[in-house]
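Residue-level structure breakdown
Letter by letter, the chains look like this.
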Amino acid sequence: MLIRGGATQTGNSFAEDVSAGLGRPGQKELPSKYLYDDVGSALFEVITKLPEYGLTRAEERILRRHSDEIAEQLPAQGIVVELGSGRKTRRILEALAQHQFTTYCPIEISSTALESCERELDDLPNVSILGFETEYLDGLNKAVLRRRAGLGVMVLFLGSSIGNFDRSPGEDFLRKIREALQPGDGLLLGTDLEKPLDQLIPAYDDPLGVTAVFNTNLLVRINRELGGDFDLPRFEHVALYNARDRRIEMHLRSIENQSITIGREQFSFQRDETIWTESSHKYRRHEALEMAERTGFKCAAQWVDDEWPFAENLLVAV
Ligand code: AVJ
């Protein structure tokens, strides 16, 4: 069953964010969530299959190898709330639902992603799926209302999606998750770890150019939805590692001086000026423990993949 979030658009509109992000002085910037429309989400799925992008496979290995352990850590499982929705969740749900009935609540702003998630997990015995089409925190707060007394809630925030946040807002987000929970509830948090640049850079600048297309799709979206006139060949995909902030940054770089029209607005670009489109922060092993302690959790367990440094952290609300 799909519960639609209703009037839950809390932030600005796409048009407002684009106008503000391209119009500001200094570094032009667009919120990374706009990369994930239907086309962008499908392209991201392709990225997860690329040999250079080891992140998703690393997490899948951890979830496969340790699913029983993960399930055991939280005995009274009532509701599993996922911020996002994914195929990787299957293992955990199977393990959790082995001995008890589980309600799985994926939360997505895209109904397409929610529907395909429901189709894929539909056959799991002992699991009922209740999707929420809304923003993460709104969906989480709605999902926990279904908690039956005495039963636990486990939140899944996988794939190092936390890495899209700058570090401090990321912790604010964890704090808000904690506020929706009760002591003893769990948060399974995936954090991609620092790794050598010759492994990291190709993951975000693959030779086939899928990530470049994923990034450029944002300009196509602006052209289509907001009446923009970006000429795609005049922008190029850039993935750089910001060592000070320990993050990959994706940018779209203007290859020449040019002026862009979006609706009635004009934006000028200097040659080599960029639009910053996404950050993927990288973490140290102990960082999850520290983040947990600052946000009302304790880290009860951590599993690390040895092939592609990635940590799955089981946080428990204190
Ligand atoms: C979905 C945010 C975890 O940062 O690795 C992959 C997105 N962007 N390649 C990541 C992404 C370009 C991905 N996250």
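Please refer to the structure higher up on the page.
Residues numbered from 1 in each chain as written. Predicted model: local features only at pLDDT ≥ 70, side-chain atom pairs only at ≥ 80, totals over all residues. Heavy atoms only, no water.

**Observations regarding the overall build of the protein chain**
A tally of regular secondary structure across the protein chain gives ten helices and 15 strands. The C-alpha radius of gyration computed for the protein chain amounts to 20 Å, which stays within 12% of the reference 20 Å derived for 318 residues, consistent with globular compactness. By principal-axis analysis of the C-alpha atoms, the protein chain measures approximately 60 × 45 × 35 Å. Within the span of the protein chain, comprising 318 residues, buried residues form 52% of the whole. In the protein chain, 71% of the contacts between residues at least 6 apart in sequence involve partners at least 24 apart. For the protein chain, the exposed area adds up to about 14,400 Å²; of that, 50% sits on carbon and sulfur atoms. Positive and negative side-chain charges in the protein chain, numbering 37 and 51 respectively, have mean positions lying 2 Å apart. (Helix = DSSP H or I, 4+ residues; strand = E, 2+ residues; numbered from the N terminus. Rg over C-alpha atoms; globule rule 2.2 N^0.38 Å. Buried < 20%, exposed > 50% of the residue type's maximum accessible area, 1.4 Å probe, protein only. Contact = heavy atoms within 4.5 Å. Areas by Shrake-Rupley, 256 points an atom, 1.4 Å probe, with all protein chains shown as cover. Lys, Arg positive; Asp, Glu negative; His and termini not counted. Charge placed at Lys NZ, Arg CZ, Asp CG, Glu CD.)

**Thoughts on the side chain of Ser32**
Position of Ser32 among the secondary structure elements: in the loop between strand S2 (28-29) and helix H2 (38-47). A residue is classified by how much of its surface remains accessible, and Ser32, at 15% relative accessible area, is buried. In this structure, Ser32 is in contact with Asn164, Thr277 and Glu278, ignoring residues within four places of it in sequence.

**Structural notes on helix H10 (residues 287-294)**
Looking at H10, one finds that the buried residues are Glu287, Ala288, Met291 and Ala292. Seen end-on, H10 carries its buried residues on one side only, within an arc spanning 140°. Packed against the buried residues of H10 are helix H7 (167-179), strand S8 (186-192), strand S14 (297-305) and strand S15 (310-317). Once H10 ends, the next one or two residues include Gly296, with phi positive near 90°. (Arc of directions from axis to C-beta.)

**Things to note about the pattern of salt bridges**
This model, assessed by the stated rule, comprises 29 salt bridges. Here Glu287 makes a salt bridge to Arg246, at a shortest N to O gap of 2.9 Å. Pair noted here: Glu287 is in helix H10 and Arg246 is in the loop between strand S9 (235-242) and strand S10 (247-254), with a separation of 41 residues, a long-range link. Exposure remark for Glu287: the relative accessible area of 8% places this residue in the buried category. Put simply, Asp166, Arg244, Asp245, Arg247 and Glu249 are held in one network by salt bridges that share partners. (Salt bridge = Lys/Arg side-chain N within 4 Å of Asp/Glu carboxyl O.)

**A look at the nonpolar core**
Looking at soluble globular proteins, one finds that nonpolar side chains tend to be buried together. Membership of the largest hydrophobic core comes to 57 residues, with the highest contact counts inside it found for Leu188, Phe230 and Ile262. Among residues more than four places away in sequence, those in contact with Ile262 are Val18, Leu22, Ile222, Leu226, Gly227, Gly228, Phe230 and Phe267. With 30 residues, the next largest nonpolar core counts Leu83, Leu193, Ala288 and Ala292 among its residues. (Core = buried A, V, L, I, M, F, W, Y, C linked by side-chain atoms within 4.5 Å.)

**Observations regarding the site of the ligand**
Lining the immediate surroundings of the ligand are 13 residues, of which Tyr53, Gly159, Tyr204, Glu278 and Ser280 lie closest. Within the contact set of the ligand, an oxygen atom lies 2.5 Å away from a side-chain nitrogen or oxygen of Tyr53. Contacts to the ligand include Tyr204, whose side-chain N or O atom sits 2.6 Å from an oxygen atom. Relative to its unbound accessible surface of 350 Å², the ligand loses 96% to contact with the protein. Among the residues forming the shell around the ligand, the class breakdown is seven nonpolar, five polar and one charged. (Near = heavy atom within 4 Å. Polar contact = N/O pair within 3.5 Å; in protein donor to acceptor, adjacent residues only side chain to side chain. Nonpolar A, V, L, I, M, F, W, Y, C, P; charged D, E, K, R; others polar.)

**Comments concerning the sheet that holds strand S13 (residues 274-281)**
With mixed pairing, four strands are arranged side by side in an open sheet as S2-S13-S10-S9. Pairing within the sheet leaves two strands with one partner each, and these edge strands are S2 and S9. With respect to the sheet, helix H9 (residues 210-226) is in contact with S9, S10 and S13, its orientation differing from that of S10 by roughly 60°. (Pairing = 2+ DSSP bridges. Axes fitted to C-alpha atoms, helices over the stretch in contact; angles between N-to-C directions.)

**Digging into the layout of surface pockets**
Each pocket or cavity is described by its volume, and for the second largest pocket that value is around 180 Å³. As for the second largest pocket, its lining consists of ten residues, and the residues nearest its centre are Gly78, Ile79, Thr103, Arg148 and Leu151. Broken down by element, the lining of the second largest pocket gets its largest block of residues, three residues, from strand S3 (residues 77-83). Here the lining of the second largest pocket is composed, by residue class, of three nonpolar, four polar and three charged. (1 Å grid on protein atoms, 1.4 Å probe; cavity = no way out; pocket = protein on both sides within 12 Å on 5 of 7 lines; lining within 4 Å. Points joined across faces, edges and corners; volume = space filled by probe spheres on them.)

**Some remarks on the packing of H7 against H10**
The geometry of H7 relative to H10 is characterised by a closest axis approach of 9 Å and an angle of 55° between their N-to-C directions. Classified by the angle their axes make, H7 and H10 are oblique. Seen from above, H7 lies across H10 with right-handed handedness. Between H7 and H10, the contacting residues are Arg167, Glu171, Leu174 and Arg175 on the first element and Glu287, Met291 and Arg294 on the second. (Parallel < 35°, antiparallel > 145°, perpendicular 65-115°, else oblique. Left-handed = near helix turned anticlockwise from the far one by under 90°.)

**Section: the packing of aromatic side chains**
Under the defined criterion, the tally for this structure stands at twelve aromatic pairs. Measuring from centroid to centroid gives 5.9 Å for Tyr53 and Tyr204, while their planes differ by 80°, and the two rings are edge-to-face. Of this pair, Tyr53 sits in the loop between H2 and helix H3 (55-73) while Tyr204 is found in helix H8 (residues 197-204), placing the two residues 151 residues apart along the sequence. Residue Tyr53 is classed as buried on the basis of its relative accessible area of 6%. Seen from their ring centres, Phe230 and Phe269 are 6.3 Å apart, and the 65° between their planes marks the pair as edge-to-face. Of this pair, Phe230 sits in the loop between H9 and S9 while Phe269 sits in strand S12 (residues 265-269), and the two are 39 residues apart along the sequence. Cluster of aromatic residues (ring-pair linked, three or more members): Tyr36, Phe44, Tyr53, Tyr204 and Phe214. Here Arg167 stacks its cationic end above the ring of Tyr283, 5.1 Å away from the centre of that ring. (Phe/Tyr/Trp six-rings, centres within 6.5 Å; stacked < 30°, edge-to-face > 60°. Lys NZ or Arg CZ within 6 Å of the ring centre and 35° of its normal.)

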